[in-house]
Amino acid sequence: MSTAMLDRPLTERALDLFQQAGNPFRNYFARNPDDAVCAQFHVPELFAKERAQLLGVVELYRQTPTLHSEMIPVLGNKGAGKTHLLHSIKHGSDGSWQLLVTPGTFQKDTDFLEYLLFQVIDTLLGGGKQKGRRPLDFVCEQLTRQVLRDTIAGATRDELLDLFPAPGLGRWTRRLGIGATQAQERAQWLTDCLRLPPTMPLRQMLTENATDGDKACELIGTVVDRTQPHSTEGVMKRALYQGFARAAILGDESDIANFLTYGFAELDFKVEPSRNALVLNLFKTLMQVFQELRIPVVVAFDQLEDLLLARRNDDGHKTAEAFFAGIVQTMHNVPGICFLVFAERGLWNRFVPSLDGYIQDRLNNPVHVPGFGTIKSLRLEAPSAELVVKVVESRLLPLLSAVNDPSLASIHPFTMDKVQQIAKTEPTLRDMLQQFRHLFDHVVYGEVQTTSYETEEAKPISRLPKPPQEPKIKSVVIVETEPQVKVTTLPPPRQPIATGDTTSLSSIWETELAAARGRLATESALTGATRELQAALGAFLQTCLEHGVKVGPWRLQHAVPEFSFGEHPTYGMISIGHWVCKDGQPWKVGIGLFLARGAGKPKDLETKLAALDAEPAVIDHLILLRPDDDANLTGKSKTVWQDAEKRGKHARLEAVSLENFTLLSSFPRWLAAAGESLPSGQPLPNVADLMQDRCEKLLEQICMPCP
């Protein structure tokens, strides 16, 4: 800081720094439970009791893993802080690690158990982190340490000699029994390390013990085959153990990803199970693995109003009934799941009382939590004035730290009277933050705002003389006033989007796109997200239809977001769009994701092509979206494709970049965040131009029915 600036009055210097830094209250809502803004402005004291209660419920499932599944509703007005509370549970330092599934979409036309299973798989294999750990990494490490310890204990002498071979003469020393003592010592050292709390990664431990990773995986497979039952669940558990072990020891995630999306449906069954039975068997087996590790599985539905009412023309009661009936069905069939439902009170009170009696009884079943008593639901009320002061302090702290003068109050440039006035008169935390945003603009920038907090004592600060300086334009924001509108230069805001304003929509788009890149960045994430991406494609088509998006002369006349067919739970799903060109007949185009790798590739292709055989015909043409790093058809896959061509089937393969798959993954969350940004009751502005600009290549790949 220059000497000239230091010589100026403190309030004037603080004002300059505040103006340059921008309004810290612009970010006043969390878009989703993974929004980094939550951590940036977290106040631990806010909803501390409610957080402790929810973590207490989660802890019940750690202590008693097979406890029957239950649901806790968390109710509050829009803007009460529900999403922020969920973020603090998912990413905060409180409590131990749990697998927290936060679905971004509700696939209302899909069997609920199937939908929920693939939400769990997507979370497990995805690149997103929880409490600093990627779920697959955490589960692999915990499970493989336990399985390897049991494997060594159950291995024969020859198996241990093979895992820890003596140097020198190799197989001759084994025949003579030489090296058995050394193998036993190394096995004991490794077992002792595996019993201790983890202080080093398993792979590093094996390296220090000179243990061959491939041989360790092979031995795990041998011993697991010997010890697991030959039932369906036993066969599935063997495959899960081996897949997780290869991921933990060798860093190869392909086996576990392929099994969870393909292999589980290709096991050698004596009696071919139905699609529903396959899903239930895999779900129960996967839950057993988590329960053995005492990892609670928490499924948290946030912003329920957006999940259930994604399109305003939907029958809300019908969708809500399907949703809650699905939760109850899962409770009956799969133990050990903790459901958390974050919802607006109005929506909850509108839908739940109209549900069937047995559904209401199950949803309203209370949960006894040691230390907290019986919990039936949690209600988030407006925070006290004392807590609001802490929220204001946390927002202003970076600015005041830059000023670096202890004489300034911790809520400067506000007064305590104004902070308490807002805290006592606004109904939710979001409303309070909006008012603080207006007040900050008024005090620091001297703007006239539509608020009751313009006072004579605040105005002099905005009139302090300022030295000439070059303007630093970070962005342009239109601030609505009454009766005038003023243009000012401020940082990119998170404020309600004005009708037709695509600047804020673009900003939200980039934010969600960046988050999706993280989710799909790992080796197995794209495979694991198959069903979630298909649902996103359906939402994309539906939005194209509703907003009149065109691709050259083509436009959508009708869209079916999700069409389920056949008996394969992963691959038996496409979206359908009826594309019409001018006055011609529409082409019924099926669009599916062809993401399988390795042995699953021909099965995925065969299943998708079967959609062309439906009677009566539901599609005329099939487009398959294939990752561009593996777009060529060879071997059995090529044969399957050529057979379809010989039968006169119309299909084409589109090589899609990872960036466009990322775009699809981000789309439902962007749609929800855009709607959340709007003032209450305002519809989403037409986004056709934005979509056609950002998604030009993808639109061409899912349209153009004639090659």
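Residues numbered from 1 in each chain as written. Predicted model: local features only at pLDDT ≥ 70, side-chain atom pairs only at ≥ 80, totals over all residues. Heavy atoms only, no water.

### So, the packing of aromatic side chains
Summed over all chains, the structure comprises 21 aromatic pairs. Seen in terms of ring centroids, F414 and F440 are 6.4 Å apart; in terms of plane orientation they differ by 85°. Their pairing is edge-to-face. Taken together, the residues F414 in the loop between α20 (385–403) and α21 (416–425) and F440 in helix α22 (residues 429–445) connect sequence positions 26 residues apart. Both residues of the pair, F414 and F440, count as buried. (Phe/Tyr/Trp six-rings, centres within 6.5 Å; stacked < 30°, edge-to-face > 60°. Helix = DSSP H or I, 4+ residues; strand = E, 2+ residues; numbered from the N terminus. Buried < 20%, exposed > 50% of the residue type's maximum accessible area, 1.4 Å probe, protein only.)

### Let's talk about the packing of helix α13 (residues 232–250) against helix α15 (residues 275–292)
Relative orientation of the contacting elements α13 and α15 amounts to 55°, with a least axis distance of 10 Å. Classified by the angle between their axes, α13 and α15 sit oblique to one another. For the pair α13 and α15, the crossing hand works out as right-handed. Facing T232, E233, M236, K237, L240, Y241 and F244 of α13, the residues of α15 in contact are L278, N281, L282, K284, T285, L286, Q288, V289 and E292. Class assignment of the residues belonging to the contact of α13 with α15 gives a composition of eight nonpolar, four polar and four charged. (Axes fitted to C-alpha atoms, helices over the stretch in contact; angles between N-to-C directions. Parallel < 35°, antiparallel > 145°, perpendicular 65-115°, else oblique. Left-handed = near helix turned anticlockwise from the far one by under 90°. Contact = heavy atoms within 4.5 Å. Nonpolar A, V, L, I, M, F, W, Y, C, P; charged D, E, K, R; others polar.)

### Here's the deal with a negative patch on the surface
A cluster of acidic side chains, namely E266, E272, E567 and E606, defines a negative patch on the protein surface. Looking at the secondary structure, you find E606 in helix α27 (residues 600–609). E606 gets classed as partly exposed once you look at its relative accessible area, which sits at 43%. (Patch = residues over 30% accessible without salt bridge, like charges linked within 9 Å, V, L, I, M, F, W, Y side chains within 5 Å. Areas by Shrake-Rupley, 256 points an atom, 1.4 Å probe, with all protein chains shown as cover. Salt bridge = Lys/Arg side-chain N within 4 Å of Asp/Glu carboxyl O. Lys, Arg positive; Asp, Glu negative; His and termini not counted. Charge placed at Lys NZ, Arg CZ, Asp CG, Glu CD.)

### Section: the pattern of salt bridges
Inspection of every chain in the model, using the stated rule, returns 28 salt bridges. For the salt bridge of R597 with D630, the shortest nitrogen-to-oxygen distance reads 3.8 Å. Residue R597 is found in the loop between β13 (587–593) and α27, and its partner D630 is found in the loop between β14 (621–627) and α28 (635–646); the two are separated by 33 residues along the sequence. If you follow the salt bridges from partner to partner, you end up with R597, K601, R626, D629 and D630 in one network.

### Some words on the pairing of strand β11 (residues 554–564)
Bridge analysis of strand β10 (residues 550–551) against β11 gives two bridges, and the strand direction is antiparallel. Opposite K550, over in β11, you have R555 as the bridge partner. Here β10 folds back onto β11 in antiparallel fashion, the turn holding two residues, of which G552 has a positive phi close to 60°. (Pairing = 2+ DSSP bridges.)

### Overview of unusual backbone geometry
What you tend to see is this: most non-glycine residues have negative phi, and most peptide bonds are trans. Along the chain, H412 connects to P413 via a cis peptide bond; the corresponding omega equals 15°. Of note, P413 is situated in the loop between α20 and α21. A cis amide bond links E615 to the next residue, P616, at an omega of -10°. Looking at where P616 falls in the secondary structure, it is placed in the loop between α27 and β14. Positioned with a positive phi, F47 is a non-glycine residue whose angle comes to about 55°. In this fold, F47 is placed in the loop between α3 (36–40) and α4 (48–63).

### Quick word on the pairing of β13
Taken across its seven residues, β13 has five buried, putting it largely inside the fold. Taking the residues that link successive antiparallel strands as the turn, the strand β12 (residues 573–581)-β13 hairpin has five residues, and the phi of K582 there is positive, at about 55°. Two strands pair when backbone bridges link them, and β13 and β14 are joined in this way by five bridges, in the parallel orientation. The partner of L593 across the bridge, within β14, is L625. Between the parallel elements β13 and β14, the chain passes through α27 in a crossover that is right-handed. (Right-handed = clockwise from strand over helix to strand, strands pointing away.)

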